[in-house]
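Chain by chain, the residues:
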Amino acid sequence: MRSIVSGPRRVLAAVAAVLLLAVVAVGLVPTILVESRNPEPRPTEWGPLGAADVELLRAARRAGLWEGPAGEIAREVSRNPKIQALGMTLMVDHGQLDVAVRQSAAKLRVPLPDEPNESQQGWLAELRAAGSPEEFDQIFANRLRQAHGSVLVTIAQVRGGSRNAEVRDLASIANQAVLRHQNLLEKTGLVDFTTIAEPLAGTSFDTELRADARVFALVGLLVFAESALVVLLIAWLRRSRGKAAPPAVGSFAVNEMEGTRT
Ligand SMILES: [Fe+2]
């Protein structure tokens, strides 16, 4: 049974369908990118609450859940007065920060973790397993310095871009505590800076732009390929028509005289 749309028309219809899909895809890409980066912020009395805001609250809570116990261990194990004093500072500061975090989380209706994450639990286990007070001091200073450097980046991003006033206030409080602890850790003289990750050149905004450029380059390539396909198809159709066209009068006459048909 012969299809209603056959031959070149079927191919043309397929190309048109693919082009339509490409146009739809181009329209959807920006939406998909935005949604994957930023789930829809939730409106609150203090402004929209985004995913990064929530993560900051949770990170600040988890920091207290492992730094408080780390400070307690330092006071018991270390023989270094600086480390012992720092241990006490961590316990006091994170106790106060934790109160602020829980108040903000309650206002914003954000559930908080009740225990340190897997990495933090591993660091606590590492501290408890130290073979000597001196080894403990080395681990304490370096693990904590690495952790503070990492959380400082998170705080700075949220403090710089959050649209939620409550979270911005909390980020300011957390920032003061983290900077204070970082400075005190470095003043112990035990931090090995070769173990600290070097900052990446370029901002996260640059990274997003590069991601956008890659996606749009792919879409552009797809559209270009389809356009080329259409051009080739048109050329093929023209050539097919040329072959199927009736012969010129003179040519037909010659063929008739020769007793052949074209
Ligand atoms: Fe801290």
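In what follows, the structure referred to is the one given above.
Once a new chain begins, its residue numbering starts again from 1 and follows that chain's sequence as written. Per-residue local features are limited, in this predicted model, to residues with pLDDT of at least 70; the limit for side-chain atom pairs, both in listing and counting, is 80 or more; totals at the level of whole chains, interfaces and linings are taken over all residues.

Engineer: What am I meant to see in the overall build of the chain here?
Structural biologist: Secondary structure counts use DSSP, requiring at least four H or I residues in a row for a helix and at least two E residues in a row for a strand, with both numbered from the N terminus. Across its full length, the chain holds 8 helices and 0 strands. What you see in the chain, going N to C, is helices and strands ordered as α-α-α-α-α-α-α-α. In this scheme every C-beta is placed from the backbone, and a residue whose C-beta has 20 or more other C-beta atoms within 10 Å is buried, one with 12 or fewer is exposed, and one in between is partly exposed. Taken across its 262 residues, the chain has 22% of its residues classed as buried. What counts as a contact here is a pair of residues whose C-beta atoms, placed from the backbone, lie within 7 Å. Sequence separation of at least 24 residues holds for 72% of the intrachain contacts in the chain that already meet a minimum separation of 6.

Engineer: Is there a simple way to explain unusual backbone geometry in this structure?
Structural biologist: As a rule of thumb, non-glycine residues mostly have phi less than zero, and peptide bonds are mostly trans rather than cis. Within the chain, R109 stands out as a residue other than glycine whose phi angle is a positive 55 degrees. Relative to the elements of secondary structure, R109 occurs in the loop between helix 3 (81-108) and helix 4 (118-128).

Engineer: What exactly am I supposed to notice about the packing of helix 4 against helix 5 (residues 133-161) here?
Structural biologist: Packed helix pairs are specified by the crossing angle of their axes together with the interaxial distance, meaning the distance between the axes. Fitted lines through C-alpha atoms give the axes, limited to the stretch in contact for helices. The angle between two N-to-C directions lies from 0 to 180 degrees. Interhelical geometry of helix 4 versus helix 5 gives an angle of 160 degrees and a closest axis separation of 9 Å. Our classification of the angle between helix 4 and helix 5 gives roughly antiparallel. Viewed along their axes, helix 4 and helix 5 form a crossing whose handedness is left-handed. Residues W123, E126 and L127 of helix 4 lie in contact with helix 5, whose contacting residues are F136, I139, F140 and R143. The nonpolar class holds Ala, Val, Leu, Ile, Met, Phe, Trp, Tyr, Cys and Pro. Asp, Glu, Lys and Arg form the charged class, and all remaining residues, Gly among them, are polar. Across the contact of helix 4 with helix 5, the residue classes break down as 5 nonpolar, no polar and 2 charged. An angle below 35 degrees is read as roughly parallel, one above 145 as roughly antiparallel, one from 65 to 115 as roughly perpendicular, and any other as oblique. It is the rotation of the near helix from the far one that decides the hand of a crossing: anticlockwise by less than a right angle makes it left-handed, clockwise makes it right-handed.

Engineer: I'm lost on the nonpolar core in this one. Help?
Structural biologist: Within soluble globular proteins, side chains that are nonpolar tend to cluster in buried spots. To define a nonpolar core, we join buried Ala, Val, Leu, Ile, Met, Phe, Trp, Tyr and Cys residues through C-beta atoms within 7 Å and take the resulting set. Counting 35 residues, the largest nonpolar core has L56, A60, A70, F140, I155, A171 and A174 as its most contacted members. If you list the elements that add at least two residues to this core, you get helix 2 (51-77), helix 3, helix 4, helix 5 and helix 6 (165-187). Counting residues per element, this core draws most heavily on helix 2, at 10 residues. Once you skip the residues sitting within four places of it in the chain, F140 turns out to touch A70, A74, I83 and L127.

Engineer: Would you mind showing me how to read the packing of helix 2 against helix 3 here?
Structural biologist: Between helix 2 and helix 3, whose axes approach to 8 Å, the crossing angle comes to 155 degrees. By the angle between their axes, helix 2 is roughly antiparallel relative to helix 3. Note that helix 2 runs across helix 3; the crossing there is left-handed. The class makeup of the residues in the contact of helix 2 with helix 3 is 13 nonpolar, 8 polar and 5 charged.

Engineer: Help me understand the environment of G71, please; the structure alone is not making it clear to me.
Structural biologist: Take G71: it is sitting in helix 2. Once the C-alpha coordinates of G71 and H94 are considered, the two residues, 23 residues apart in sequence, prove to be 9.8 Å apart. When near neighbours in sequence (up to four residues on either side) are disregarded, G71 contacts G87, M88, L90 and M91.

Engineer: Any chance you could explain helix 6 here in plain terms?
Structural biologist: It helps to recall that an α-helix has 3.6 residues per turn; residues three or four apart then point in one direction. Given a rise of 1.5 Å per residue, 23 residues ought to cover 33 Å, and the 33 Å separating the end C-alpha atoms of helix 6 matches this to within 8%. Every buried residue of helix 6 is accounted for by E166, V167, L170, A171, A174, A177, V178, H181, L184 and L185. Where helix 6 is buried, its residues touch helix 2, helix 3 and helix 5. The positive-phi residue at the C-terminal boundary of helix 6 is G189, with phi of around 75 degrees. A helix's residues, less one, multiplied by 1.5 Å, set its expected span.

Engineer: Sorry if this is basic, but what is going on with the environment of F193 here?
Structural biologist: Here F193 is to be found in the loop between helix 6 and helix 7 (204-244). Here F193 falls in the exposed class, since 9 other C-beta atoms lie within 10 Å of it. Between the alpha carbons of F193 and R145 there is a distance of 9.3 Å; along the sequence they are 48 residues apart.

Engineer: Even after reading the chapter, I still don't get the environment of V54, so can you show me in this structure?
Structural biologist: In this structure, V54 sits in helix 2. By the C-beta count within 10 Å, which is 21 here, V54 ends up buried. What V54 contacts, discounting residues up to four positions off in sequence, is L49 and V110.

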